Amino acid sequence: MTERVQSNLERMIPELEDYKDRGIFTSNELQKIISTRKKHEFRLQRLDKKLLDIMRYIESETSLEKIRDKRLKKMNVDPSLYDRKISERVVELYKNALYRFNDKNIITHFAEYATRKRLFVEMKQVFANFCLKHPLDIDLWIFCASKLFEIDDVDSSRAMFLKGIRINQNDMRLRVEFFRMEILYIGKINMINKEMGIDDDDKDEVEKGDIAFNIFLDSLETFQDINLLSEMIELSKNVKEVNDRITECLNR
């Protein structure tokens with residue numbers, strides 16, 4: 001246990017030396033950082049793993065990160081590759097927590113942190129792995145796909161919805177939320193097009209609602225019950241092109 005902790009602490013030395021060289025932390029402050037990290041590292045090595053130990057370590061590192069970021073801004077010092085070390089450590093701690101504990105609050109806290117720090121690549125990777133660990137958790141698929149949409153990564157959001165639907169083919173909620181996302185996206189694009197003076201004739205297939213309409217058709221074929229599709233029909237009223245196509249389809 002001691003050797004592992006010592007090894008982990010030694011890997012942090014270049015980062016701490018960089019802080020010292022740039023004058024971000026004093027020698028006394030660095031000693032306190034080492035002492036605090038050592039305490040948390042020992043707790044992580046206990047045989048009886050506790051989520052609280054990981055979350056306290058995360059809280060400690062994110063607090064340190066905020067102090068460091070404020071000083072970087074105030075001192076106007078040049079950025080360094082070592083400035084990513086705390087974020088990388090926090091992400092690994094969250095991965096550890098998600099691997100060991102079945103607590104959905106962890107993914108919520110991680111998403112908030114990753115969004116704030118703009119760690120979008122890491123967020124996609126963690127979401128994908130965690131959803132595959134809990135493949136039948138519909139709420140989880142919806143949460144992760146919706147978060148990706150919130151950061152304007154529409155392609156990744158679609159990919160996550162599609163993967164969730166392939167695994168949970170008989171779940172209607174995933175399809176409805178996928179459809180909702182597409183309707184929201186079309187509305188957002190239409191607003192931008194209007195502000196830029198782009199003509200409706202210049203819309204591409206997505207903007208015309210092809211994906212949304214195909215979600216509806218696939219759901220209709222899968223469930224063959226119009227009552228189950230009522231929410232999609234209601235949502236489609238927000239985009240005339242999609243609503244007209246759905247109405248035409250149902251009237252055949």
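Residues numbered from 1 in each chain as written. Predicted model: local features only at pLDDT ≥ 70, side-chain atom pairs only at ≥ 80, totals over all residues. Heavy atoms only, no water.

> I'd like a description of the packing of helix H11 (residues 210-223) against helix H13 (residues 240-250), backed by residues and values.
Each packed pair of helices is defined by two parameters, the angle between the axes and the distance between the axes. Running from N to C, H11 and H13 cross one another at 30°; their axes reach a closest spacing of 9 Å. Taken together, the axis directions place H11 and H13 in an arrangement best described as roughly parallel. Here the hand of the crossing between H11 and H13 comes out right-handed. Between H11 and H13, the contacting residues are Asp-210, Ala-212, Phe-213, Phe-216, Leu-217 and Leu-220 on the first element and Val-242, Arg-245, Ile-246, Cys-249 and Leu-250 on the second. Here the residues of the contact of H11 with H13 are counted per class, giving 9 nonpolar, no polar and 2 charged. (Axes fitted to C-alpha atoms, helices over the stretch in contact; angles between N-to-C directions. Helix = DSSP H or I, 4+ residues; strand = E, 2+ residues; numbered from the N terminus. Parallel < 35°, antiparallel > 145°, perpendicular 65-115°, else oblique. Left-handed = near helix turned anticlockwise from the far one by under 90°. Contact = heavy atoms within 4.5 Å. Nonpolar A, V, L, I, M, F, W, Y, C, P; charged D, E, K, R; others polar.)

> Residue-level account of the environment of Lys-104, with values.
Looking at the element boundaries, Lys-104 is found in helix H6 (residues 104-116). Look past the residues within four positions of Lys-104 in its chain and what remains in contact with it is Phe-130 and Asp-137. One polar contact links Lys-104 to Asp-137, side chain to side chain, over a distance of 2.2 Å. (Polar contact = N/O pair within 3.5 Å; in protein donor to acceptor, adjacent residues only side chain to side chain.)

> Describe the packing of aromatic side chains, and please don't skip the residues or the numbers.
Scanning the entire structure with this criterion turns up 6 aromatic pairs. An aromatic cluster is built from Tyr-94, Phe-110, Tyr-113, Phe-127 and Phe-143, whose rings are joined through pairwise contacts. The ring of Tyr-185 is capped by Arg-158, whose NZ or CZ atom sits 5.3 Å from the centre of that ring. (Phe/Tyr/Trp six-rings, centres within 6.5 Å; stacked < 30°, edge-to-face > 60°. Lys NZ or Arg CZ within 6 Å of the ring centre and 35° of its normal.)

> Go over the packing of helix H4 (residues 51-75) against helix H5 (residues 85-100), please, and point to the residues and values.
Running from amino to carboxyl end, H4 crosses H5 at an angle of 165°, the nearest separation of the two axes being 10 Å. In terms of orientation, H4 lies roughly antiparallel with respect to H5. Both H4 and H5 take part in a crossing whose hand is left-handed. In this structure, H4 contributes Leu-51, Ile-54, Met-55, Tyr-57, Ile-58, Glu-61, Thr-62, Leu-64, Glu-65 and Arg-68 to the contact, and H5 contributes Ile-86, Ser-87, Arg-89, Val-90, Leu-93, Tyr-94, Asn-96 and Ala-97.

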